[in-house]
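# Chains, contacts and geometry: an overview
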Amino acid sequence: MHIGEIMFYRLSKLLVMWFLASFFALSASAQNANSNVSTPLNWQSYFFTMTFSGFPVKPDMQNKAFPGETIYVVSDKVGDTALTCVMNKFRATVEVKPTDFEGIVTGSKTSRRAHAREVDFYVNEEKVADGKWTYVPKLKIILSSKKSDSLRLYNAAIRGDKVDLKVSGISKVELSLPEPNEHFINFGGACGIGPNAR
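All values derive from a computational prediction rather than experimental measurement.

### Notes on the state of the cysteines
- Enumeration over the complete set of coordinates arrives at one disulfide.
- Here C85 pairs with C191 through a disulfide, and the sulfurs are 2.1 Å apart. Disulfide C85-C191: the torsion about the S-S bond is 100°, which places it as right-handed. A residue pair is termed long-range when its members are at least 10 positions apart, and C85 in strand 4 (residues 81-86) and C191 in the segment after helix 4 (182-185) qualify at 106 residues.

Okay, here's the thing in structure tokens:
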């Protein structure tokens, strides 16, 4: 099997994040009118539609549209964080080096190249988990491979915990996790998260 096909299989099986695979065509269905980059430590919302096309997408998945939503933080330091719910899958994305994080979240920046990196997960300076995340070198981000890691981030934001991730080959990164606001609270119903869980 060609290495590109292996990568697509892994990413589609995990549904790590909608913007990683070049086979996805992304269009914004709505962007919250209250998004305000000048208030960097507030959660912002972004709504999108994901469609699958091209090889090796199965025929029954070709050009089907799936709604999704993301909440994210854009700050002036490394550690910006996003949580995404699409196709009932919940995933986290973290900036590990300076990059255009908002451009990545909103789909204007993409990359198909990614590989696994070991990540140690710290909450309030205590290591609580470790495992593999997906690292995208061009975008300078990592994506959770397991829902449990995404839930740790989500719950840490609710509690106001300090979260650091130590990525193999990259220094420890402190995440930007502001306190929940309306965007955060209303996020994730389709993934069984928050007061709108279903």
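Now that the structure has been shown, the text picks up again.
### Some points on the pattern of salt bridges
- Within this structure, the stated rule accounts for seven salt bridges.
- Linking D164 and K162 is a salt bridge whose minimum nitrogen-to-oxygen distance equals 2.5 Å.
- Each of D120, K127 and D130 takes part in one network of salt bridges that share partners.

### A look at the packing of aromatic side chains
- The final tally for this structure, using the stated rule, is four aromatic pairs.
- Consider the rings of Y154 and F184, whose centres lie 4.9 Å apart with planes at 10°: the pair is stacked. Of the two residues, Y154 is situated in helix 3 (residues 147-159) and F184 in helix 4; the sequence distance between them amounts to 30 residues. Of the two residues examined, Y154 and F184, each falls in the buried class.

Reading the values: the criteria
Residues numbered from 1 in each chain as written. Predicted model: local features only at pLDDT ≥ 70, side-chain atom pairs only at ≥ 80, totals over all residues. Heavy atoms only, no water. Disulfide = S-S within 2.5 Å. Helix = DSSP H or I, 4+ residues; strand = E, 2+ residues; numbered from the N terminus. Salt bridge = Lys/Arg side-chain N within 4 Å of Asp/Glu carboxyl O. Phe/Tyr/Trp six-rings, centres within 6.5 Å; stacked < 30°, edge-to-face > 60°. Buried < 20%, exposed > 50% of the residue type's maximum accessible area, 1.4 Å probe, protein only.

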